[in-house]
Amino acid sequence: MSIMSKLVKQCRKPTGWLGRAAAWGMNRGHSEMTDWGLEHIFVGRENTVLDVGCGGGETVRKLAKMATDGRVHGMDFSEESIAVARWTNRRAIRSGQVEIEHGTVSHLPFPDGTFDLVTAVETHYFWPDLVPDMREILRVLKPGGALAVMGEAYKGSKYDERNRKWVAWGDMAFHTIGEFGDLLSRAGYAAVHLFEEYEKGWMCGIGEKTSQSVPGRDQ
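Quick caveat: nothing in here was measured; it's all calculated off a predicted structure.

Undergrad: Explain the pairing of strand S6 (residues 191–197) residue by residue, including any values.
TA: With 7 bridges joining them, S6 and strand S7 (residues 202–208) adopt antiparallel strand pairing. Across the sheet, Glu197 pairs through a bridge with Trp202, a residue of S7. Remark: 4 residues form the turn of the hairpin made by S6 and S7, two consecutive strands paired antiparallel; Gly201 in that turn has positive phi of roughly 80°.

Next comes the structure, spelled out in structure tokens:
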């Protein structure tokens, strides 16, 4: 296995000491893009929020500063990421505002209609099956809630050549922004909004759960 393949494997599921280092690196490396993505969504003070694939927990920390009277959950399937995320959010965890849990996007350990907002930062490339997994997120969203997915690897980016190498090394999902919007629609999101920061190479796809939202069917 090449060095780059090993690095991408750590992004998929951090393990061991190298995994903890990767989780800390994600906190720093994704922070600016996350700030940009969060500008496109509303986070209410009393919202209940989930960050799927929370990595080192920096997005959870940002969300907790916005949902000050609400509750923020972080979830990851890497024990190393969970350890780093709990350290990053240790004060908010002690106060009861934040909880970091083990789980997978395909089988979320929450009842129907739990969350006002679900975020996913630099993680959807690794999901087992995008449409069913987005449909599972739709299940745990409240009516009026939204899923916001942010990432740096998409077709048509200013950094396409770099991204295609990462995708090949990591066997990652790779779509244009328009194709990603179609996936959200197929998953049952009734309102879809797409944003791009071309010079930075960032994308943000938002799907809303409305009264018209129904589980979609693959075609």
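Undergrad: An account of the environment of His40 is requested, with residue identities and associated values reported.
TA: By the secondary structure assignment, His40 is in the loop between helix H3 (31–38) and strand S1 (48–52). One polar contact links His40 to Trp36, side chain to side chain, over a distance of 3.5 Å.

Undergrad: I'd like a description of the nonpolar core, backed by residues and values.
TA: Counting residues in each nonpolar core, the largest one holds 27 residues, and the members touching the most others are Val118, Met134, Ile137, Leu147 and Tyr189. Only S1, strand S4 (115–121), helix H7 (130–140), strand S5 (141–151) and helix H9 (177–187) provide two or more residues apiece to this core. The leading source of residues in this core is H7, at 6 residues. Sequence-distant contacts of Val118, defined by excluding residues within four places in its chain, comprise Leu50, Val52, Ile137, Val140, Leu141, Ala146, Leu147 and Ala148.

Undergrad: Please provide a residue-by-residue account of the sheet that holds S4, values included.
TA: With respect to topology, 7 strands assemble into an open sheet ordered S3-S2-S1-S4-S5-S7-S6, the strand pairing being mixed. Both outer strands of the open sheet, strand S3 (98–102) and S6, are each paired with one neighbouring strand and no more. On average, each strand axis in the sheet is tilted by 15° relative to the strand beside it, whichever way the strands run. Helix-sheet contacts for helix H4 (residues 58–66) involve S1, strand S2 (71–76), S3 and S4, and the interaxial angle to S2 is about 170°. Most of the contacts of H9 go to S6, to which it runs at about 160°, and overall it touches S5, S6 and S7.

Undergrad: Outline the side chain of Asp160, listing residues and values.
TA: By the element assignment, Asp160 lies in helix H8 (residues 160–170). According to the relative accessible area criterion, Asp160 is buried, its value standing at 19%. Beyond its immediate sequence surroundings of up to four residues, Asp160 is in contact with Tyr154, Lys155 and Phe174.

Undergrad: Outline the pairing of S4, listing residues and values.
TA: Summarising burial for S4: 6 of the 7 residues are buried, a large majority. By the bridge criterion, 4 bridges tie S1 to S4 in an arrangement that is parallel. For Asp51, the partnering residue across the bridge sits in S4 and is Thr119. The sheet contact formed by S4 and S5 spans 6 bridges and is parallel.

Undergrad: So what's going on with the pattern of salt bridges? Which residues, and what values?
TA: In this structure the tally under the stated criterion is 11 salt bridges. Note that Lys62 is salt-bridged to Glu58, the shortest N-O span being 3.8 Å. Here Lys62 and its partner Glu58 are both found in helix H4, 4 residues apart, which amounts to about one turn of the helix. Accessibility assignment for this pair places Lys62 and Glu58 in one class, buried.

The rules behind these values
Residues numbered from 1 in each chain as written. Predicted model: local features only at pLDDT ≥ 70, side-chain atom pairs only at ≥ 80, totals over all residues. Heavy atoms only, no water. Pairing = 2+ DSSP bridges. Helix = DSSP H or I, 4+ residues; strand = E, 2+ residues; numbered from the N terminus. Polar contact = N/O pair within 3.5 Å; in protein donor to acceptor, adjacent residues only side chain to side chain. Core = buried A, V, L, I, M, F, W, Y, C linked by side-chain atoms within 4.5 Å. Buried < 20%, exposed > 50% of the residue type's maximum accessible area, 1.4 Å probe, protein only. Contact = heavy atoms within 4.5 Å. Axes fitted to C-alpha atoms, helices over the stretch in contact; angles between N-to-C directions. Salt bridge = Lys/Arg side-chain N within 4 Å of Asp/Glu carboxyl O.

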